[in-house]
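Fold and contact review
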Amino acid sequence: MPYQTIMDTLSSSPQVNVKEFLRPILLGLAEEDLDELAQAGVVRAFPAGAVICQEGEPGDVAYVVVQGRVEIIQRLDDQSERFLRSAGSGEFFGEMAILQEGVRSATVRAAEPATVLEIGRRPFLTVLGRSPALGIRILVRMTTRLRDADQQAIAELRKANEELTRMLRQLERLDRTKSDFIQLSAHELRTPVAALLGYTQMMRENPQVQNSPQLRALVEGVVTGTARLHRVFNSILDVSRVMAGNLRIHRTPVSISIVMDGIVLEFRRALEERALTLEQRGIQDLPIYSGDPDLLYKVFYHLVNNGIKYTPDGGRITVTGRTVDVPDLGRCIEVTVEDTGIGIAPQDRDLIFEKFYRTGEPTLYSSGTTTFKGGGPGLGLAIAKGGVQVHGGRIRAESPGYSEEICPGSRFIVQLPFVEEPQ
Ligand code: ADP
């Protein structure tokens, strides 16, 4: 009876009768096959924690645990690993890499002092080729292992999913608390600022102020600053309504052309100062639209304001209107606000519609609302998107990319579906 005693470099292996050890494991295997495996087998002992075979290395040996336990793990990243399963006496591991002629898909470590039998690729495949019984046994074991791995992966995914959902809920709650706080603060602050704005505007009209260039300049500064504060608080309130889903829409017949005229009037000075051209195409020919004039004003106000802010002096803003058929939306009014400005990087194109999202380094931006790269709280597009969505419409940005040298420009497309008038 062939006995094999291998002295491992670290510890001495127990004497193992390999053939008798394999017999019950490979029940039904022919004597000569058992003999061949026993001849080829090498028994090694490993101390606890020792790596028996390594993920990613070529797999030219199959193993059977003789004594002790091994654990099979997969590395996830430099820090963490995933436990797949453990194997005890009589269990095979490492045969998959031989069958697939590939590298090891996992690392195997001795979970406690362990003795394993190593069988080289060639004798393993020779015996496998002769013995359908062994083939089927390996197949069954592999299928079971795959099914277990599948179930384990599903359980892990489910757990990760639950954890993510829980965190998402928590983040949503935090976001709501933050939005509530912002809304409340904006409300509280807007009231005195509105009063302040009224008083300073009255002061501007005062004859004493009118007659003193110095006083007039001072009061003008206060009026401009207060008006800006007022606008910011209004925007914050608008955006918190959008976020809370409280944006109310009051539809009446609206002329987009009249809305645009109001906006052009509001920005006339800024356009002149910055030598920007604002051109309207097809806006006057648009049919009357049933929408909320205040909300539509805000939508196009913010788009034109951005066109002004992100286009260098001497540039052009083009507002184009037409009616189009849009899949899912049906017949729509489409208004495009296009500029010859700095453009938008592809990774920012969707994010800019999020509240408080601003591209670039905010501290590098100037503070004027119509100056080039003028600062803003990052609310304009969130409000515009909210305003478009309550009309059942869509808004998207297009741009070849961001470059302050080339100025490739940006285009914002708003599609507003026609709604059936109630009879
Ligand atoms: P704000 O202009 O107050 O920062 P917005 O919500 O209006 O906030 O815009 C978000 C960001 O989107 C801006 O900070 C800017 O980086 C980018 N953006 C918006 N419109 C344009 C445009 N026409 N051209 C280039 N970038 C734009």
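Preceding this paragraph is the structure being described.
Residues numbered from 1 in each chain as written. Predicted model: local features only at pLDDT ≥ 70, side-chain atom pairs only at ≥ 80, totals over all residues. Heavy atoms only, no water.

Another aspect to go through is the sheet that holds strand S12 (residues 316-326). One open sheet holds the 5 strands; their spatial order is S10-S12-S13-S15-S14, and the pairing between them is mixed. Across the chains shown, the open sheet's two edge strands, defined by having one partner strand only, are strand S10 (277-281) and strand S14 (394-398). The mean inter-strand angle of the sheet, taken between neighbouring strand axes irrespective of direction, is 20°. Taken together, the 5 bridges between S10 and S12 define a ladder with parallel strand orientation. Across the sheet, Thr277 pairs through a bridge with Arg316, a residue of S12. Set on the sheet, helix H8 (residues 256-273) makes contact with S10, S12 and strand S13 (330-339); between it and S10 the angle comes to about 170°. Contacting S10, S12, S13, S14 and strand S15 (411-417), helix H9 (residues 293-309) crosses the sheet at an angle of about 170° to S15. (Pairing = 2+ DSSP bridges. Helix = DSSP H or I, 4+ residues; strand = E, 2+ residues; numbered from the N terminus. Axes fitted to C-alpha atoms, helices over the stretch in contact; angles between N-to-C directions. Contact = heavy atoms within 4.5 Å.)

Moving on, we come to the environment of Asp348. Within the fold, Asp348 resides in the loop between S13 and helix H10 (380-390). When the C-alpha atoms of Asp348 and Arg358 are compared, they prove to be 8.8 Å apart, with 10 residues separating the residues in sequence. Apart from residues lying up to four places away in sequence, Asp348 is in contact with Tyr357 and Thr359.

With that settled, consider the nonpolar core. The biggest cluster of nonpolar side chains holds 35 residues, and the ones touching the most others in it are Ile256, Phe300, Leu303 and Val304. Mapped by element, the contributors of at least two residues to this core are H8, H9, S12, S13, H10, S14 and S15. A total of 7 residues in this core trace back to one element, the largest contributor, which is H9. Contacts of Leu303, omitting those with residues within four sequence positions, involve Val337, Leu381, Ile395, Phe412 and Val414. If you look at the next biggest cluster of nonpolar residues, it comprises 24 residues, including Val43, Val64, Val66 and Phe124. (Core = buried A, V, L, I, M, F, W, Y, C linked by side-chain atoms within 4.5 Å. Buried < 20%, exposed > 50% of the residue type's maximum accessible area, 1.4 Å probe, protein only.)

This paragraph deals with helix H7 (residues 213-244). Between its terminal C-alpha atoms H7 stretches 46 Å, which fits the 46 Å expected from 32 residues at 1.5 Å a residue. All of the buried residues in H7 are Val219, Val223, Thr226, His230, Phe233, Ser235, Ile236, Leu237, Asp238, Val239, Ser240 and Val242. For H7, the elements touching its buried residues are helix H5 (132-205), helix H6 (207-211), H9 and H10. Backbone geometry just downstream of H7 places Gly245 in the positive-phi region, at approximately 70°. (Expected span 1.5 Å × (residues − 1).)

Here we come to H5. Between the first and last C-alpha of H5 there are 103 Å, a value that for 74 residues agrees with the 110 Å anticipated at 1.5 Å per step. Buried within H5 are the following residues: Leu134, Ile138, Met142, Arg145, Ser179, Ile182, Ala186, Val193, Leu197 and Thr200. On its buried side, H5 packs onto strand S5 (81-87), strand S6 (92-93), helix H3 (95-100), helix H4 (121-130) and H7.

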